[in-house]
Amino acid sequence: PAPPPAARPAGPAELAGQPGPLVEVETAPKLLLRAEVCGGVQVQYSFRHGALPLALERAAEAAAADTVPAALVATFTNRRDTPARRVRIAGTSGVLPRPAAEVTVGPGEVVRVPVELLLPGTGPARLDVRMDRGTFKASLQPEPHELIRPLHLSPGEMEAAAGALGGFNTSSSRLSPAPRRLLEDPVAAVRTVLNVAVVGDADSRTLNFAGVAGRAKARVLLRVGVDADTREATIRLHSDNAMIVATVMDVLKARLSAAG
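The text that follows walks through the structure, step by step, so that each part is easy to find. (Residues numbered from 1 in each chain as written. Predicted model: local features only at pLDDT ≥ 70, side-chain atom pairs only at ≥ 80, totals over all residues. Heavy atoms only, no water.)

**Looking at the overall build of the chain**
- Of regular secondary structure, the chain possesses five helices and 15 strands.
- Here the chain, with 260 residues, has 52% of them falling under the buried criterion.
- Long-range contacts, defined as pairs at least 24 residues apart, comprise 65% of the intrachain contacts of the chain with a sequence gap of at least 6.
- Carbon together with sulfur atoms contributes 53% to the accessible area of the chain, which is approximately 11,800 Å² in total. (Helix = DSSP H or I, 4+ residues; strand = E, 2+ residues; numbered from the N terminus. Buried < 20%, exposed > 50% of the residue type's maximum accessible area, 1.4 Å probe, protein only. Contact = heavy atoms within 4.5 Å. Areas by Shrake-Rupley, 256 points an atom, 1.4 Å probe, with all protein chains shown as cover.)

Now the structure itself:
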């Protein structure tokens, strides 16, 4: 197949073929450290889809290592009855291109902090959670679908690219009945799982999405057809990287179904 087109910066950026910024959505939170092993502070993280700053994209391009930019939010929950002070996320080996904010988390309080990372293309990101109670080691291992970021294509470019990818580079599935959230708001449902851009008309019954995976920028092209009358949905996925096709399809189906 033809080489993938260059990915445009993902945020702030316009939807392909339409004016306006990408709407930011967050993934479901994941546990980074339990309070029992982090000085009484539980740490969770979520990916912020549609929130990738241009400076972070440029930092990833300039990095010598195989890195992928990612915008996250860290959530600190203090399980003790005294404040945790100077709480922040730190990293090693250029994982954080700029320092994350330092906060105080009161007793029983929940505090959210944006964090920008350069994730390794393979292997985990080594992080520290630092505070007045000590320094605690953490490891963030992104899944393959979490290394996808938006690719802005015109409908014609999407059609040509999808048409060139078949065989092992394509996977199809049908959801019957389709999850309620997918029927009600398919764009938000998909973008909460995958950090992709909408291609063309977001009000169509067949929606197109595009992204690139990893430093190699393998295209990830997604078509989702939704029929509210039959309560069915069809998903068709194409990628230059045949190895991630099945993985991304399985994750997408599982997360959509879990959302209800």
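**What to know about the environment of leucine 54**
- As for its position among the elements, leucine 54 is in helix H1 (residues 54–62).
- Given the relative accessible area of 32%, leucine 54 is considered partly exposed.
- With 15 residues separating them in the primary sequence, leucine 54 and proline 69 have C-alpha atoms 9.9 Å apart.

**Notes on the sheet that holds strand S5 (residues 84–91)**
- Strand order in the open sheet made by the four strands is S6-S5-S8-S9, with antiparallel pairing throughout. Of all the strands in the sheet, the pair left with one neighbour each is strand S6 (103–105) and strand S9 (134–140). On average, adjacent strands in this sheet sit at an angle of 30 degrees to one another, irrespective of strand direction.
- Sheet topology note: the S5/S6 ladder contains two bridges and is antiparallel. (Pairing = 2+ DSSP bridges. Axes fitted to C-alpha atoms, helices over the stretch in contact; angles between N-to-C directions.)

**Section: H1**
- Of all the positions in H1, only Leu56, Glu57 and Ala60 are classed as buried. Taken down its axis, H1 places every buried residue within 105 degrees of arc, on the same side. When the buried face of H1 is taken as reference, the exposed residues oriented beyond 90 degrees from it are Ala55, Arg58 and Ala62.
- Lining the buried residues of H1 we find strand S4 (67–78), strand S7 (110–120) and strand S10 (148–150). (Arc of directions from axis to C-beta.)

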